[in-house]
Amino acid sequence: MKLSFLALTVSSALAFGSVAAFEQPITKKVSTPIVQGLNVQDGVQYVDPDSKEAIAEMEKIFKEAGWNDKNSPQLFKELHTPQAKIDVQDARFVRSYNSSDTTEAELESYFSHLGFNIVGEGASKLFKIRLLNAEPKATNLTVLSIKLVNEKGEQITTQQTARFFGDGGANLNRKVLGGEATVESAYEHVKRAKEVYGKGTAYVMFADGTKVLKKIDVKYDKHAILGMLAKELGLPINNRPANAPMVMAKADFAEAAAGVGIAQVDAFQHVVEHPKDFRKADANKKNVAGQDGVIMVCLNRDYGDCDYPMVQAGGDYNNIPHVTIPFKGSITLPTYISRVLFEEDEVLGAQNVPPTDVMIQSKEAFHDKLSLHNANMKAKFEQYFTIDYRFDQATWSPVTTLSWDIPREAALFARPGIFQRRADAYWIMNIALEVNWMGNLQDAMTYFGATQEEYDYITGYTSYIIASEEAPELPKDMARYDQAPLQFSFSCLAKGTQILMPNKQSKAVETFNVGDLVLGASEFEPDNTEVLKVVDVSVGVEHLPMVKLTTEHGQTLTLTESHPLVREGGKAVWALNVAEGDVIQTAKGPAKITKFEKVDYKDNVYNLKLARVNGKQDAGETFVMFANGVSVGDLAMQTENELETHKETVEEALERIPQEWHADYLNSLETK
């Protein structure tokens, strides 16, 4: 029997497509499949939502949440209405990708128990668990329910149930729910429990009349949870006396192993050199060294606001545009690390520890990881890890510094859909380790009097996680979620686009240099043209289809989907978010869009950064220019509009929610 290193500390990597290192799925098979032959996510049980048992269970959950047929009439009507006929090729389960269209991400249903963690400060600290569900097609309603219980079904965290109406704008297909308890309460309940289980339910009603009921039932390592809670409360995690003899008696091994015996559990530290937030724009929109809270990965351009500019002038990986990001850093842990483990290491199979990997995930549940593109992770990536070990005899503390330096060309992500604008993605690096708190075998024999057999008994397996702060709130004892989130950017004009100059003549955007003059306007006064100078130039390539617009004046313009246009009235909007009939600003005045289309494009793209000739600029001011006669934003406006931060109002929600659900939605606001 091998002891898990989780007795020392907790880790998780559920986001890597595996259950967390300290949980065991209760079931991995469909007990009552909706349709035979569909892909079934490991650890998730799909139940027939129209069965009597399912309806009774959901009625119980609804009642506990305070919902009834009076305040939620449509919910109860739909609950008792048999769903529409299901197509075997239903996109909520079946991945769909047309290789000829690189803008289409794989479609998938995503349901995960996100583990537990501690949030808050001081007396307000709470022990929380999380549940996530995302769907690739339109929904009318999603109900999530989650709780942590003991072996008798008694609640450790309060059961939380919530409903989400429809999908709406960006990321609203991603539903997250949390359950919680005070740290003190959770500690007392977990201490008395024999076993601890996380139970989650997702009940989804789709806009096409179909439904799905998913359930997660996972068993957690009670000692791992207890150790984390004890640490937060300042309680000892082991009973070994501070003045214990240097050479341990064999009888002490079980006790020492159970408590691990490392007092310096908080001593580890980490350094991340890549990916890192290096660049920012100052108050005058000038790009300078510094941090703006986002790691900008530019997919098709090389410009000063890019932390990681485009590194290639075209070319595909298996006909799929790809993303490369370097990873470099180190961790120092108060234990002996004997090796880094990959999926090819057979020992991991029996340990339920996720292998070393790096993942990028968006809030829409899209994810990609290095292991999807490397047949042998160990052969490819082991060379990039270095282990430096020492043993401090004065404190009995073995200390290891693990370093990694994965070059950008090796860290390649190429899943269909990765190469597209992402305003809020995060990265997670999971490092699987073989460890022993006594040091190496020689140290264990010298300082602890251990035999080979005893040393092997103590050897444990765990994983260390470094991730961006936007990653799901997973356990943080052996994880650090403190890195900036990722943002994938591309926004430029097609080669040959004609830019209007002060002499009323035009020339191609690719021919402009720093210092050249254009005719443009301030974003604050888009109708008042003025002479502006070019202060920077962005050049890139484009793999993806672009937006082609035609106006009633006969003007045509091809640009990337997130390049800003100026609507009538001066509001900036992405090219992707305009439609036929919309009115935009042009050099000839307001003009209606008469045609909107997506076109393939495989050439260079360009953009210009503008400033006044006299250098004067108001705070937050950006500029526009006339591209093929259409008013478009410069580089600074493009950066300013990278994120969509609009918060939906009740009126907007009612506009997107079907009429029959309005009463349920409005009543839900009151019950909240």
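Everything quoted here is computed from the prediction, not taken from an experiment. (Residues numbered from 1 in each chain as written. Predicted model: local features only at pLDDT ≥ 70, side-chain atom pairs only at ≥ 80, totals over all residues. Heavy atoms only, no water.)

(A) Geometry of the overall build of the protein. Along its length, the protein carries 11 helices and 39 strands. Across the 672 residues that make up the protein, the buried fraction comes to 54%. Sequence-distant contacts in the protein: of pairs separated by 6 or more residues, those separated by 24 or more amount to 68%. Accessible surface for the protein amounts to roughly 28,000 Å². Of this, 49% is attributable to carbon and sulfur atoms. (Helix = DSSP H or I, 4+ residues; strand = E, 2+ residues; numbered from the N terminus. Buried < 20%, exposed > 50% of the residue type's maximum accessible area, 1.4 Å probe, protein only. Contact = heavy atoms within 4.5 Å. Areas by Shrake-Rupley, 256 points an atom, 1.4 Å probe, with all protein chains shown as cover.)

(B) Up close: the pattern of salt bridges. Going through the model one piece at a time under the given rule, you end up with 22 salt bridges. One salt bridge in this structure joins Arg192 and Glu188, with 4.0 Å as the shortest N-O distance. With Arg192 and Glu188 both in helix α3 (residues 183–192), this residue pair falls four residues apart, about one helical turn. Judged by its relative accessible area of 57%, Arg192 is exposed. With a relative accessible area of 33%, Glu188 lands in the partly exposed category. In this structure, Arg339 and Asp345 form a salt bridge, with 3.7 Å as the shortest nitrogen-oxygen distance. Since its relative accessible area comes to 31%, Arg339 is described here as partly exposed. (Salt bridge = Lys/Arg side-chain N within 4 Å of Asp/Glu carboxyl O.)

(C) Quick look at the packing of aromatic side chains. Taken as a whole and judged by the stated rule, the model has 12 aromatic pairs. The ring of Phe206 is capped by Lys137, whose NZ or CZ atom sits 4.8 Å from the centre of that ring. Here Lys199 stacks its cationic end above the ring of Tyr197, 5.7 Å away from the centre of that ring. (Phe/Tyr/Trp six-rings, centres within 6.5 Å; stacked < 30°, edge-to-face > 60°. Lys NZ or Arg CZ within 6 Å of the ring centre and 35° of its normal.)

(D) Broad picture of the pairing of strand β9 (residues 211–220). For β9, the tally of buried residues reaches seven of 10 residues, placing the bulk of the element in the interior. Pairing analysis gives 10 bridges linking strand β8 (residues 196–206) to β9, with the strands arranged antiparallel. When the bridges of β9 are listed, Tyr197 appears paired with Lys219. Here β8 hands over to β9 after four residues, with Gly209 in that stretch at a positive phi of 95 degrees. (Pairing = 2+ DSSP bridges.)

(E) Local environment of the sheet that holds strand β15 (residues 327–333). Read from one edge of the open sheet, four strands run β10-β15-β20-β19, paired in antiparallel fashion. Taken across any chain shown, the strands that pair with only one partner, and hence form the sheet edges, are β10 (269–274) and β19 (385–392). The sheet shows a mean angle of 10 degrees between the axes of neighbouring strands, direction not considered. Where β19 meets strand β20 (residues 397–406), eight bridges bridge the pair, whose relative direction is antiparallel. In the sheet register, Asp388 faces β20, and the bridge partner there is Thr401. (Axes fitted to C-alpha atoms, helices over the stretch in contact; angles between N-to-C directions.)

(F) Quick look at the nonpolar core. Judged by nonpolar contacts, the single largest core of 39 residues is most densely connected at Val297, Phe327, Ile360, Trp427, Leu433, Leu486 and Phe488. Take this core: its biggest share by element is six residues, from strand β22 (residues 422–436). The next biggest cluster of nonpolar side chains, apart from the first, holds 33 residues, and it includes Phe111, Ala181, Val196 and Met228. (Core = buried A, V, L, I, M, F, W, Y, C linked by side-chain atoms within 4.5 Å.)

(G) The side chain of Ser51, seen in detail. Turning to its location among the elements, Ser51 is positioned in the loop between β2 (44–47) and α1 (52–64). We classify Ser51 as buried; its relative accessible area is 16%. There is a polar contact of 3.0 Å between the side chain of Ser51 and the backbone oxygen of Asp48. (Polar contact = N/O pair within 3.5 Å; in protein donor to acceptor, adjacent residues only side chain to side chain.)

(H) Expanded view of α1. Look at α1: 18 Å from first C-alpha to last across 13 residues, which is about the 18 Å you get at 1.5 Å a residue. Those residues of α1 that sit buried are Ala54, Ile55, Met58, Ile61 and Phe62. Along the long axis of α1, the arc covered by the buried residues comes to 125 degrees, so they all point the same way. Turned more than 90 degrees from where α1 packs its buried face, Lys52, Glu53, Lys60 and Lys63 sit exposed. Summarising the contacts, the buried residues of α1 are in contact with β2, α2 (73–79), β5 (139–150), β6 (160–165), β8 and β9. Note on α1: the residue one or two positions beyond its end, Gly66, has a positive phi of about 90 degrees. (Expected span 1.5 Å × (residues − 1). Arc of directions from axis to C-beta.)

(I) Geometry of the environment of Leu666. Inspection of the secondary structure puts Leu666 in helix α11 (residues 662–671). On the basis of relative accessible area, Leu666 is assigned to the partly exposed category, the value being 36%. Expressed as a C-alpha distance, the spacing of Leu666 and Asn71, which sit 595 residues apart in the sequence, is 9.1 Å. Contacts of Leu666, omitting those with residues within four sequence positions, involve Val650 and Leu654.

(J) Spatial organisation of helix α7 (residues 441–448). For α7, the full list of buried residues reads Asp443, Ala444, Tyr447 and Phe448. Relative to the axis of α7, the buried residues are bounded by an arc of 100 degrees and lie together on one face. Where α7 is buried, its residues contact β19 and α8 (452–458). Sitting at the head of α7, Asn440 places a side-chain oxygen 3.2 Å from the backbone nitrogen of Gln442.

(K) How the structure looks around the environment of Phe488. Counting through the fold element by element, Phe488 comes out in strand β25 (residues 486–489). As a C-alpha pair, Phe488 and Cys306 span 182 residues in sequence and 9.7 Å in three-dimensional space.

(L) Quick look at the side chain of Thr459. Inspection of the secondary structure assignment puts Thr459 in the loop between α8 and β23 (460–468). A distance of 3.2 Å separates polar atoms of two side chains, one belonging to Thr459 and the other to Asn436. Engagement of the side chain of Thr459 in a polar contact is seen with the backbone oxygen of Tyr455, the distance being 3.1 Å.

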